[in-house]
Amino acid sequence: MTEYHAQNKAKLISETRRRFEAEYVTDKPDKYDPRDVERLQQDDNWVESYLVWRHNIVDETLKMLDESFQWRKEMCVNDLTESSIPRWLLEIGGIYLHGYDKEGNKLFWIRVKYHVKDHKTMLDKKKLIAFWLERYAKRENGKPVTVMFDLSETGINSIDMDFVRFIINCFKVYYPKYLSKMVIFDMPWIMNAAFKIVKSWLGPEAVSLLKFTSKSDIQDYVSVEYLPPHMGGTDPFKYSYPPLVDDDFQTPLCENGPIASEDEASSKEDLESDGKETLETVSNEEQTTLLKKINLTEHTSKAEENEKVDSKMKAFKKPLSVFKGPLLHISPAEELYFGSTESGEKKTLIVLTNVTKNIVAFKVRTTAPEKYRVKPSNSSCDPGASVDIVVSPHGGLTVSAQDRFLIMAAEMEQSSGTGPAELTQFWKEVPRNKVMEHRLRCHIVESSKPTTLTLKDGALAMSDKTSEDLYLQLNRLLESNRKLEDQVQRCIWFQQLLLSLTMLLLAFVISFFYLLYS
């Protein structure tokens, strides 16, 4: 049976390609982007996505391909880049990719409150939608997304049915099979009629993908770790640009895990070199002690090695903030602080603490892999243990505030090995929805008094009391800022409500006088 389905699928794909070339491309070769035509002939998954959406009816699939390819050429989809989008649109944070739903699908956020209906900017907004979807489609071929329509704090000025229809068409025609579901959060009553129209646009086969939610039930689809606080979640993520919030994270330079056994592939000379690089800012006496510990020739268990790593870095640990994830506590919580070139502070620490009863595998990725050395960048952490990760700029390259780091973690079975080969296989097989992710920004400290974890001459640049005082002050400022933002949002909401009621009253009065004098 499986073989029959495979043969039938191959036959349908072949027929679709042949007929599209003969019936659509031959007569009008300039109608489409040649890159799309070429991809259609080479990418089976792409052809299949159109066929599946049209229930394997080739005639309907060809019409859909024609419409989709014309749109792709009109929008110059293959040439869309970050620079194609006005900077203000990227900065406002109305549309972006971030987080995952409970099924492991990427979340595509549309914050409707940031949208104001304006025909002058409509094309740019459509390009932004196309840019994100095309970017995602090239990275995750065929894996669907969950659209998060966040309607909280939305007023009548944000209702734009043309824009909503464009988004619907993106998933109906231009990116078939990419829609997992569309989660509508906190929809105001005034938009009930509008979304009845949306249902008609989706068609009967896709209406079931609409999920209307509120704060009380949105966790049926997305767990709290990927929901912002106003949705009842705990995600500390705050949108900022640049860089793109969902930029590609890659493996950094010098991917070295802790020594697992005496059979570790690295030679004694490599270990000595790694030890010197890791602690180049530590005093000579401490370096000698640490190198002796690294160069053990007797059998040493992994637990003992982790204990030694803890003792090596103990003098440098001063975590001022902690992100408390379900698998790992990560310090610092949001930003890695690096000293400026003048200050000479080159390295910083990431401290991971396993809060589960199982071994947790982790790996570190960055948007600038050529700039940084990360040790270890792919390893594991025992239950209740902590691991120190040293991050240092490489080759004299300058740290940028646009650089970001991604910590990925997942629980391992007790029987699983933790060697390099076992970890590689583990990351290939672990489901996406089982992986915890946390992002860290980079921050450059210009003064000689950084406010968080930095290594310099084997000592901290601040006293404990000063650090704690600054941290408390920062928390107070952030709390005051949050309260102020809440007050402003309430004022905006009240003004929008008042405007809506005024317009309704005006419409009623006009209707009344029209009926009275007609």
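Right, let's walk through the structure included here. (Residues numbered from 1 in each chain as written. Predicted model: local features only at pLDDT ≥ 70, side-chain atom pairs only at ≥ 80, totals over all residues. Heavy atoms only, no water.)

**Regarding the packing of aromatic side chains**
- Counted under the stated rule, the structure contains 19 aromatic pairs.
- When the centroid spacing of 5.4 Å and the interplanar angle of 75° are considered together, the rings of Phe 20 and Phe 69 count as edge-to-face. With a gap of 49 residues between them, Phe 20 in helix H1 (residues 2-25) and Phe 69 in helix H4 (residues 58-74) connect regions that are remote in the sequence.
- Directly above the ring of Trp 46 sits Arg 39, whose terminal nitrogen or CZ lies 3.8 Å from the centroid. (Phe/Tyr/Trp six-rings, centres within 6.5 Å; stacked < 30°, edge-to-face > 60°. Helix = DSSP H or I, 4+ residues; strand = E, 2+ residues; numbered from the N terminus. Lys NZ or Arg CZ within 6 Å of the ring centre and 35° of its normal.)

**Focus: the sheet that holds strand E10 (residues 360-366)**
- The sheet built from 5 strands is open, its strands ordered E8-E15-E14-E10-E12 with mixed pairing. Across the chains shown, the open sheet's two edge strands, defined by having one partner strand only, are strand E8 (335-339) and strand E12 (378-381). Each neighbouring strand pair of the sheet contributes to a mean axis angle of 25°, computed without reference to strand direction.
- Two strands pair when backbone bridges link them, and E10 and E12 are joined in this way by 4 bridges, in the antiparallel orientation. Considered in E12, the bridge of Lys 363 is made with Asn 378. (Pairing = 2+ DSSP bridges. Axes fitted to C-alpha atoms, helices over the stretch in contact; angles between N-to-C directions.)

**A word on unusual backbone geometry**
- For the peptide bond that leads from Ser 331 to Pro 332, omega is 0°, which places it in the cis range.
- Mapped onto the secondary structure, Pro 332 falls in the loop between strand E7 (328-331) and E8.
- Pro 376 follows Lys 375 through a cis peptide bond whose omega is -10°.
- Within the fold, Pro 376 resides in the loop between strand E11 (372-375) and E12.
- Located in the positive-phi region is His 55, a residue other than glycine, with phi close to 55°.
- Following the sequence through the fold, His 55 ends up in the loop between helix H3 (44-53) and H4.
- A positive phi angle, near 70°, is found at Lys 177, a position not held by glycine.

**Points about the nonpolar core**
- Ranked by size, the top nonpolar core spans 74 residues in total, and within it Phe 20, Phe 108, Ile 129, Trp 132, Met 148 and Phe 171 carry the most contacts.
- Here this core spans two domains, since at least three of its residues come from each of domain 1 (1-77) and domain 2 (80-231).
- If sequence neighbours within four positions are ignored, Met 148 has contacts with Leu 107, Phe 108, Trp 109, Ile 110, Val 183, Ile 218, Val 222, Leu 227 and Met 231.
- Counting 26 residues, the second-largest nonpolar core is a separate cluster that includes Phe 323, Ala 333, Leu 352 and Ile 407. (Core = buried A, V, L, I, M, F, W, Y, C linked by side-chain atoms within 4.5 Å. Buried < 20%, exposed > 50% of the residue type's maximum accessible area, 1.4 Å probe, protein only. Domains from an automatic or database assignment. Contact = heavy atoms within 4.5 Å.)

**A few points about the pattern of salt bridges**
- Here the structure, examined in full by the defined rule, presents 22 salt bridges.
- Here Arg 19 and Glu 23 are joined by a salt bridge, their closest N and O atoms 2.8 Å apart. Remark: Glu 23 and Arg 19 occur in helix H1; sequence separation between them is 4 residues, near one turn of the helix.
- With relative accessibility at 41%, the residue Glu 23 sits in the partly exposed group.
- Among the salt bridges present, the one from Lys 31 reaches Asp 66, with a minimum N-O distance of 3.1 Å. Remark: Asp 66 occurs in helix H4 and Lys 31 occurs in the loop between H1 and helix H2 (34-42); sequence separation between them is 35 residues.
- The network of salt bridges with common partners includes Glu 15, Arg 19, Glu 23 and Asp 59. (Salt bridge = Lys/Arg side-chain N within 4 Å of Asp/Glu carboxyl O.)

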